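One letter stands for each residue in the lines below.
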Amino acid sequence: MKYNKKSKLIIAFLVIMLVTVIFGALKSGKEKLSNRDVGVYNLSEISKYKTPYVGESSKVSHIASSLPVPDSYFKQQYISMETSKKPYGLTIYYEAAKDIEYEGEWPITTRNSVIEANSRANALVIFCMIDNVDKVTFAFRNSQSEGELDESKYDTRFSFSRSIFKEKYGDLSRLGKNLVLLEEALASITHTGDIYYLLNSGKRINKESINDTPNVEDYQIIKVDGEVYYIYIKEDKYYLEKPYQFIDEITEETYNNISEFIQAHTQRKFQTEHEFSKAVIELVEVNLATIMSSPKESSNPMDYIKAHRNEYEEIIKYSYKYENEEVLKYMLSQFEKGNVEGLRGHIMMALCKELLGVRNNVMDESLTPKEWYEKLDIRQEINLPDFSYDGDNFIEKLVYETEIQRNKTSKQGFLIVAPHIFGSYEEGNKLKVFTTIYSSCYRLYENVLSNESGAVIPVAITYTKNSDGSYSLEEYKEAKGGEDFVSSIKEFCIMPVSGKKIKGLADKILDHYSDYEDIIQLERENLIKHLKKNNQYGVFLYEEPYKEPAKLIPLT
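These figures come from a predicted structure and were not determined experimentally.

1. Some details on the overall build of the protein chain
A count of helices and strands for the protein chain gives 17 helices and 17 strands. Total accessible area on the protein chain stands at roughly 28,900 Å², and carbon and sulfur atoms take up 47% of it.

In structure tokens form, the structure reads like this:
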């Protein structure tokens with residue numbers, strides 16, 4: 001989204017004849033570089049070839065050739081498509097545009113590079129324009145081909161999966177139809193590529209980074225894709241430090257450029273030139289007018305909201321229904337324009353706070369709408385992996401891995417698991433584990449953590465022992481809800497092969513369920529351990545008790 005820190009926000013196709021279809025781009029080997037700028041997208045032209053199927057070769061070839069090259073050294077020459085079975089894939093091949101040596105590291109092994117960032121932007125366009133492609137790879141060689149594709153020559157590759165982009169942007173096919181939103185998403189990615197170039201331009205010094213922060217009084221912090229860096233000046237020299245990884249000496253020019261990037265991302269206001277749909281404008285303005293209509297005798301904004309709760313909820317629900325932040329962006333644009341006087345401003349502030357949730361950094365409830373907006377600095381999300389068990393207990397490891405794997409399709413944030421294991425029983429080639437699982441999903445916005453969901457469920461997990469000694473999941477049974485809760489636990493407390501009842505086990509599970517403080521404590525310990533493992537220190541948990549102001553609980 002263009003407002004930077006103020007944002008945050010199959011059809012199966014069977015191809016019978018060929019497993020992989022390879023097409024040469026319709027260019028000659030002597031073709032000169034296009035004068036199209038790297039990173040500039042003609043989305044209106046590209047969208048003409050939008051297709052449901054990666055196997056539609058003509059349209060896919062047009063899309064690939066219309067993408068900006070990730071680096072002006074290259075030209076796009078071939079594509080190949082994997083369409084015989086899922087996951088459906090597309091590979092786009094780039095080669096040297098001219099017979100000159102590539103300046104820089106080759107092959108490229110650093111993922112946080114300009115070429116990788118620009119390839120990532122191209123991947124987003126691919127997923128938005130080709131509905132059933134599951135994976136896209138960009139392959140590079142630092143020489144020219146001889147008129148045919150030789151895959152062995154492409155020794156730098158970057159691959160991207162649809163699922164990762166879907167988690168971040170929602171429905172990609174719909175995003176492909178809204179070119180304004182797609183353009184904003186691309187701007188965010190390509191700008192990240194610029195900062196990656198600066199972050200990788202220094203010279204490594206013979207000194208290790210051994211602290212959370214630099215050993216100097218004054219420094220600046222920069223966060224890119226969840227990674228933290230510091231820049232500072234020491235003894236008239238300029239440094240870039242990544243905690244516990246490296247310290248680079250950088251030039252004064254690089255230092256100033258990174259500093260400007262930090263300032264731009266922390267101070268820039270919402271861009272008012274964004275075009276909003278008629279539907280969004282009408283949704284907000286019509287419902288706002290109704291909310292503001294009564295009770296006229298009251299001066300308390302909450303009285304107006306309570307009197308028109310349906311209209312208020314209509315505005316809130318739009319963002320969740322369509323999985324975008326157009327409503328929030330429109331209301332923030334009204335703050336930017338100063339169109340938030342009186343009652344209108346208070347109601348819009350309440351709406352924005354609710355839509356922002358934990359991303360709202362302003363905790364002071366006494367501020368006017370204008371004062372609130374001036375202090376607003378929307379927290380950006382840091383993506384963390386799911387929790388991973390690092391102990392040596394075989395049964396615990398099996399349970400943790402099973403629970404994490406079962407929840408990997410979760411769209412929101414990262415998963416923390418805490419089990420209480422009552423016992424494991426082997427019979428024949430079957431292993432059955434009985435446990436109560438406390439699983440929670442979190443999202444991290446800078447240094448503030450939001451608990452998105454959680455559940456405590458007794459389960460019985462049955463595994464089959466394989467010939468190599470490993471175990472495969474056979475059955476996963478959860479306790480049923482409501483009046484069937486007790487009986488469902490008694491039903492699954494049986495041996496894995498004979499079905500013989502395990503005496504006393506159901507009572508143990510039910511007794512524990514009445515007081516599971518142990519797994520509440522374990523879940524918190526695992527959460528803190530996971531944050532520290534991923535170098536997240538100074539993190540607070542956002543809690544919003546019923547009918548009480550939100551508060552921040554320190555974790556690390």
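After that view, the rundown keeps rolling.
2. Points about the sheet that holds strand 8 (residues 227-234)
Pairing is antiparallel across the open sheet formed by five strands, whose spatial order is 6-10-9-8-7. The outermost strands of the open sheet, each flanked by one partner alone, are strand 6 (203-204) and strand 7 (220-224). The sheet contact formed by strand 6 and strand 10 (residues 246-250) spans two bridges and is antiparallel. Residue pairing across strands places Arg-204 opposite Asp-248, the latter belonging to strand 10.

3. A word on the pairing of strand 7
Of the two faces of strand 7, the one lined by Gln-220, Ile-222 and Val-224 is fully buried and the one lined by Ile-221 and Lys-223 carries no buried residue. Where strand 7 and strand 8 come together, five bridges link them in antiparallel fashion. The partner of Ile-221 across the bridge, within strand 8, is Tyr-230.

4. What about the pattern of salt bridges?
Enumeration according to the criterion identifies 17 salt bridges in this entry. Residues Glu-45 and Lys-48 are paired through a salt bridge, measuring 3.0 Å at the closest nitrogen-oxygen approach. Residue Lys-48 is classed as exposed on the basis of its relative accessible area, which comes to 58%. The salt bridge involving Glu-285 is made with Arg-344; its shortest N-O contact spans 2.9 Å. Here Glu-285 is found in helix 8 (residues 278-291), whereas its partner Arg-344 is found in helix 12 (residues 342-356), with 59 residues between them in sequence.

5. Topic: helix 2 (residues 57-66)
The set of residues buried in helix 2 consists of Val-60, Ile-63, Ala-64 and Ser-66. Of the surrounding secondary structure, the elements contacted by the buried residues of helix 2 are helix 1 (43-46), strand 2 (74-82), strand 3 (89-96) and helix 3 (114-129).

6. Examining the packing of aromatic side chains
By the definition in use, this model includes 27 aromatic pairs. Seen from their ring centres, Phe-74 and Trp-106 are 6.0 Å apart, and the 35° between their planes marks the pair as tilted. One end of the pair, Phe-74, is in strand 2; the other, Trp-106, is in the loop between strand 3 and helix 3, with 32 residues separating them in the sequence. In this structure, Phe-74 and Trp-106 share a single accessibility class: buried. Summarising the aromatic geometry, the rings of Tyr-513 and Tyr-516 are spaced 5.6 Å apart at their centres and angled 55° between planes, so their arrangement reads as tilted. Exposure remark for Tyr-513: the relative accessible area of 28% places this residue in the partly exposed category. Members of the aromatic cluster, each reached through a chain of ring pairs, are Tyr-73, Phe-74, Tyr-94, Tyr-102, Trp-106, Phe-127, Phe-138, Phe-140, Phe-158, Phe-160 and Phe-165. Just above the ring of Tyr-154 sits the side chain of Arg-141; from NZ or CZ to the centre is 5.5 Å. Taking the ring centre of Tyr-476 as reference, the NZ or CZ of Arg-406 above it sits at 3.5 Å.

7. A short note on the packing of helix 11 (residues 326-337) against helix 12
It is at 10 Å that the axes of helix 11 and helix 12 come closest, and there the two elements cross at 140°. Between helix 11 and helix 12, the angle is such that the two are oblique. Here the hand of the crossing between helix 11 and helix 12 comes out left-handed. Touching Val-327, Leu-328, Met-331, Leu-332, Gln-334 and Phe-335 of helix 11 are Arg-344, Gly-345, Met-348, Met-349, Leu-351, Cys-352, Leu-355 and Leu-356, all from helix 12. Looking at the contact of helix 11 with helix 12, its residues break down into eleven nonpolar, two polar and one charged.

8. Here's the deal with the confidence of the model for the protein chain
The predicted model of the protein chain has a mean per-residue pLDDT of 84, with 86% of residues at 70 or higher. Mean pLDDT values for the elements of the protein chain range from 38 in strand 1 (residues 20-24) up to 97 in helix 16 (residues 505-513). Of the regions scoring below 50 in pLDDT, residues 1-38 engages in 114 contacts with residues more than four places distant in sequence or in other chains. Per-residue pLDDT stays below 50 along residues 266-273; that stretch engages in 25 contacts with residues further than four places along the chain or on separate chains.

9. Thoughts on the environment of Val-362
Along the chain, Val-362 falls in the loop between helix 12 and helix 13 (369-375). Take Val-362: its relative accessible area is 5%, and that puts it in the buried class. Taking the C-alpha atoms as reference points, Val-362 and Asp-377, 15 residues apart in sequence, are found 7.9 Å from one another. Setting aside residues up to four positions removed in sequence, Val-362 forms contacts with Leu-367, Trp-372, Lys-375 and Leu-376.

10. Concerning the nonpolar core
Note that soluble globular proteins tend to have their nonpolar side chains buried in a common cluster. Formed by 46 residues in total, the largest nonpolar core has its most connected members in Leu-90, Ile-92, Leu-124 and Ile-126. Of the residues forming this core, the biggest block, nine residues, is contributed by helix 3. Ranked by size, the runner-up nonpolar core spans 32 residues in total, among them Tyr-304, Leu-328, Met-349 and Leu-351.

11. Points about the pairing of strand 12 (residues 414-427)
Relative to strand 13 (residues 430-445), strand 12 runs antiparallel, the two being bridged by 13 bridges. Bridge pairing links Glu-427 to Lys-430 in strand 13.

12. Comments concerning unusual backbone geometry
Cis geometry is adopted by the peptide bond preceding Pro-87, which originates at Lys-86 and carries an omega value of 0°. By the element assignment, Pro-87 lies in the loop between strand 2 and strand 3. The linkage connecting Ser-294 with the following residue, Pro-295, adopts the cis geometry, with an omega of 5°. Considering the arrangement of structural elements, one finds Pro-295 in the loop between helix 8 and helix 9 (301-307). In this model, Glu-235 sits at a positive phi of 55°, which is unusual for a non-glycine residue. Mapping Glu-235 onto the fold places it in the loop between strand 8 and strand 9 (237-242).

Basis of the calculations
Residues numbered from 1 in each chain as written. Predicted model: local features only at pLDDT ≥ 70, side-chain atom pairs only at ≥ 80, totals over all residues. Heavy atoms only, no water. Helix = DSSP H or I, 4+ residues; strand = E, 2+ residues; numbered from the N terminus. Areas by Shrake-Rupley, 256 points an atom, 1.4 Å probe, with all protein chains shown as cover. Pairing = 2+ DSSP bridges. Buried < 20%, exposed > 50% of the residue type's maximum accessible area, 1.4 Å probe, protein only. Salt bridge = Lys/Arg side-chain N within 4 Å of Asp/Glu carboxyl O. Contact = heavy atoms within 4.5 Å. Phe/Tyr/Trp six-rings, centres within 6.5 Å; stacked < 30°, edge-to-face > 60°. Lys NZ or Arg CZ within 6 Å of the ring centre and 35° of its normal. Axes fitted to C-alpha atoms, helices over the stretch in contact; angles between N-to-C directions. Parallel < 35°, antiparallel > 145°, perpendicular 65-115°, else oblique. Left-handed = near helix turned anticlockwise from the far one by under 90°. Nonpolar A, V, L, I, M, F, W, Y, C, P; charged D, E, K, R; others polar. pLDDT = per-residue confidence, 0-100. Core = buried A, V, L, I, M, F, W, Y, C linked by side-chain atoms within 4.5 Å.

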